[in-house]
Amino acid sequence: MKRLMLDYFRRWWWVLVIGATLELVMGWFAATHTENNNFDPASSFQFQIALFTGAFLLSFDLQRGAARTVAALPLTARQIGRAWWLMTVGIPATVLISLLGLGAGLFHWFHPATVFPVNRLGLASLFTLLSLGSLFTLIFNTTQGMQGSRPQRAFNLVGGGLVGLMIGGGFIIFQDITNNPIKCALFIGVGSVLTVVGWFRAGQFVVGRASFRVAGLQTKAPRGQHRAPIGFGGVPLLIRVVSVRAFLIGLAMIVMMPLFLVLQGRMTSWREVIDIMGGVGNFFPFYFIILFQIIPSLTQLRFLRTLPLTASHLAAVMFAIVLLPLIALGVLVAGFGGLVVGASASLAVLKSYTFTLAPASLCIFFFIWRGVGVQAFAALILTMVAFQFVPLGLQSCFQNRVIPFSLMAGIAGGCILLSFLGTRRLLTHSSRVYRVQAIGFGGANWGAVR
């Protein structure tokens, strides 16, 4: 178990060092704000630090099939799960809390006249521990996909949307948690339950990720189907399963963000809700669909190419997996906005989601061209940042007038066409897209996902 844990820290040490440095800064920042009794600015950042130093890192290993590899070791599922819990919750929480106190202590050392913020640091420490523990349970359930019973699939769906929302909007949701007793008590209660559940169900999480029985664990074999399921298979099944799952989780993410803001009292009208759902809210489903839906499919191109499909058909499949969920979400939100606000809101949502298809199509091309590695992820980030400034540039060109829908649709259509033609050429003339990519990210080969 020690080697298993040391291997994890060896591969992700650079991320953990960045998080530790930020936590030290947060401790210093907490000690500088002694004039009030809140820790609001640091609370939002505390969650972000906990997010990227906890189970989120382990989820990348799970995408590469780490559970199957580790399950073959002479260890029980309980031992493996508890080790993962310690790697992503226990040890990071201990280190981050210690650095938080060290940062505050350093400030107090240089400014002895200040009061050491014991209460504030205690609340921040509890917040860090519960954030790590809650994310462990939510992320592990999310990585199990749409498996299990209906209640389990519902929990996975809600958990996936919640995790995606926290990645993009956690700094907003937790901004005033220490000033809101109800929200603070709710987080402590739910976070404590999820943290404890994660510890006791850690072994079950390992079984859910491994495709075969783990050593030392006796499980009752479920009743299997004795007849083949009725329906279609192959490529249509791939598109249906991936697209429906992406649509449902994206819908959960879109709904949760305005819901939290309404509960916080930051939104008081339907117009504001529709604006956030059609504006910033559509980027979070985009990131999730790209990172967690299209990547596993792209790593199977070598096998998909053996099917009786032309390069054009295979490229269309890759584009359908990403674009169909975004189109469905845009139509749904636009229809809802038209019913509760009016045609103007519906048109604004349609323009926003239509324009999102442009960077989405370019990212498909980048991932097929460069493989699932650092270069493709860098292109993803740069593309998303650049396309957020394009509407601002168009707005200045039109002198703050309404940008025509035809122009936004034309830009999206042009990007889709160019990306599709480039992708089809890569599938036809390049052998690189079918090879296992030896591009290191976190000390592992992302292209080796199977």
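About the criteria used
- Residues numbered from 1 in each chain as written.
- Predicted model: local features only at pLDDT ≥ 70, side-chain atom pairs only at ≥ 80, totals over all residues.
- Heavy atoms only, no water.
- Helix = DSSP H or I, 4+ residues; strand = E, 2+ residues; numbered from the N terminus.
- Buried < 20%, exposed > 50% of the residue type's maximum accessible area, 1.4 Å probe, protein only.
- Areas by Shrake-Rupley, 256 points an atom, 1.4 Å probe, with all protein chains shown as cover.
- Polar contact = N/O pair within 3.5 Å; in protein donor to acceptor, adjacent residues only side chain to side chain.
- Core = buried A, V, L, I, M, F, W, Y, C linked by side-chain atoms within 4.5 Å.
- Contact = heavy atoms within 4.5 Å.
- Axes fitted to C-alpha atoms, helices over the stretch in contact; angles between N-to-C directions.
- Parallel < 35°, antiparallel > 145°, perpendicular 65-115°, else oblique.
- Left-handed = near helix turned anticlockwise from the far one by under 90°.
- Nonpolar A, V, L, I, M, F, W, Y, C, P; charged D, E, K, R; others polar.
- Salt bridge = Lys/Arg side-chain N within 4 Å of Asp/Glu carboxyl O.
- Phe/Tyr/Trp six-rings, centres within 6.5 Å; stacked < 30°, edge-to-face > 60°.
- pLDDT = per-residue confidence, 0-100.
- Patch = residues over 30% accessible without salt bridge, like charges linked within 9 Å, V, L, I, M, F, W, Y side chains within 5 Å.
- Expected span 1.5 Å × (residues − 1).
- Bend = angle between axes of the 7 residues up to and from the residue.

Draft legend 1. The arrangement of the overall build of the protein in detail. Per the secondary structure count, the protein includes 18 helices and zero strands. The burial tally for the protein puts 49% of its 450 residues in the buried class. For the protein, the exposed area adds up to about 21800 Å²; of that, 69% sits on carbon and sulfur atoms.

Draft legend 2. Fine view of the side chain of Thr-356. Residue position: Thr-356 is located in helix H16 (residues 343–370). Residue classification places Thr-356 among the buried residues on the basis of a relative accessible area of 3%. Within the structure, Thr-356 has its side chain in polar contact with the backbone oxygen of Ser-352 (distance 2.8 Å).

Draft legend 3. Region of interest: the nonpolar core. Formed by 47 residues in total, the largest nonpolar core has its most connected members in Trp-84, Phe-136 and Phe-140. For this core, the elements supplying multiple residues, two or more each, are helix H1 (2–11), helix H2 (13–32), helix H3 (40–52), helix H4 (55–63), helix H5 (66–71), helix H6 (77–110), helix H7 (118–143) and helix H10 (202–209). A per-element tally of this core places H6 first, with twelve residues. Residue contacts for Phe-136: discarding those within four places in its chain leaves Ala-55, Gly-81, Trp-84, Trp-85, Thr-88, Val-89, Gly-198, Ala-202 and Phe-205. Listed in part, the 41 residues of the second largest apolar core include Leu-298, Leu-357, Phe-367 and Tyr-434.

Draft legend 4. Highlighting the packing of H16 against helix H18 (residues 405–429). H18 packs onto H16 with a crossing angle of 20° between their chain directions and a minimal axis gap of 8 Å. Taken together, H16 and H18 sit at an angle that is classed as roughly parallel. You can see that H16 and H18 cross each other, and the crossing is left-handed. On H18, the residues touching Leu-347, Leu-350, Lys-351, Thr-354, Phe-355, Leu-357, Ala-358, Ser-361, Leu-362, Phe-365, Ile-368 and Trp-369 of H16 are Phe-405, Met-408, Ala-409, Ile-411, Ala-412, Cys-415, Ile-416, Ser-419, Gly-422, Thr-423, Leu-426 and Leu-427. Partitioned by chemical class, the residues of the contact of H16 with H18 number 18 nonpolar, five polar and one charged.

Draft legend 5. Region of interest: the pattern of salt bridges. A complete count under the given rule lists three salt bridges for this structure. Among the ionic pairs, Arg-11 bridges to Asp-7, the shortest N-O distance being 3.0 Å. Remark: Asp-7 and Arg-11 occur in helix H1; sequence separation between them is four residues, near one turn of the helix. According to the relative accessible area criterion, Asp-7 is partly exposed, its value standing at 29%. Asp-61 serves as the salt-bridge partner of Arg-11, at 3.0 Å between the closest nitrogen and oxygen. Here Arg-11, found in helix H1, pairs with Asp-61, found in helix H4; they are 50 residues apart in sequence, far enough to count as distant. On the basis of relative accessibility, which here comes to 14%, the residue Arg-11 falls in the buried class. On the accessibility criterion, Asp-61 (3% relative accessible area) is buried. Linked by salt bridges that have partners in common, Asp-7, Arg-10, Arg-11 and Asp-61 make up one network.

Draft legend 6. Summary view of the packing of aromatic side chains. For the structure on display, the rule yields eight aromatic pairs. Seen in terms of ring centroids, Tyr-8 and Phe-9 are 5.4 Å apart; in terms of plane orientation they differ by 70°. Their pairing is edge-to-face. Arranged with centres 5.3 Å apart and planes meeting at 85°, the rings of Phe-52 and Phe-56 form a pair that is edge-to-face. Classification of Phe-52 as partly exposed rests on a relative accessible area of 34%.

Draft legend 7. How the structure looks around the environment of Ala-311. Structurally, Ala-311 is set in helix H15 (residues 311–340). When its relative accessible area of 9% is taken as the criterion, Ala-311 is described as buried. Sequence-wise, Ala-311 and Thr-428 are 117 residues apart; in three dimensions their C-alpha atoms are separated by 6.2 Å. Beyond its immediate stretch of four places on either side in the chain, Ala-311 contacts Arg-305, Arg-424, Leu-427 and Thr-428.

Draft legend 8. Expanded view of the confidence of the model for the protein. When pLDDT is averaged across the protein, the result is 76; 74% of the residues are at 70 or more. Between residues 438–450, whose pLDDT stays under 50, and residues either more than four places distant or in other chains, the model counts 40 contacts.

Draft legend 9. Highlighting the environment of Gln-204. Inspection of the secondary structure puts Gln-204 in helix H10. For the pair formed by Gln-204 and Gly-81, sequence separation is 123 residues and the distance between their alpha carbons is 7.7 Å.

Draft legend 10. Expanded view of the packing of H2 against H6. Where H2 meets H6, the axes come as close as 7 Å, and the angle between the chain directions of the two elements is 45°. What the angle tells us is that H2 and H6 run oblique. The chirality of how H2 crosses H6 is right-handed. Together, Gly-19, Ala-20, Glu-23, Leu-24, Met-26, Gly-27, Trp-28, Ala-31 and Thr-32 of H2 and Leu-96, Leu-99, Leu-100, Leu-102, Gly-103, Ala-104, Leu-106, Phe-107 and Phe-110 of H6 make up the contact between the two elements.

Draft legend 11. Examining the side chain of Glu-23 more closely. Note on placement: Glu-23 falls in helix H2. Of the residues examined, Glu-23 reaches a relative accessible area of 0% and is grouped as buried. Those residues in contact with Glu-23 that lie beyond four places of it in its chain are Gln-46, Ile-49, Leu-96, Leu-99, Leu-100 and Thr-128.

Draft legend 12. Looking closely at a nonpolar patch on the surface. On the surface, Trp-13, Trp-14, Val-17, Ile-18 and Leu-22 cluster together into a nonpolar patch covering about 510 Å² of accessible area. Within the element layout of this structure, Val-17 appears in helix H2. For Val-17, a relative accessible area of 43% gives the class partly exposed.

Draft legend 13. Geometry of the environment of Leu-102. For Leu-102, the position within the fold is in helix H6. Here the alpha-carbon distance between Leu-102 and Leu-24, two residues 78 residues apart in the chain, equals 6.8 Å.

Draft legend 14. Summary view of H6. The first and last C-alpha atoms of H6 sit 48 Å apart over 34 residues, in line with the 50 Å expected at 1.5 Å per residue. In the structure, H6 departs most strongly from a straight axis at Leu-86, where the bend amounts to approximately 45°.

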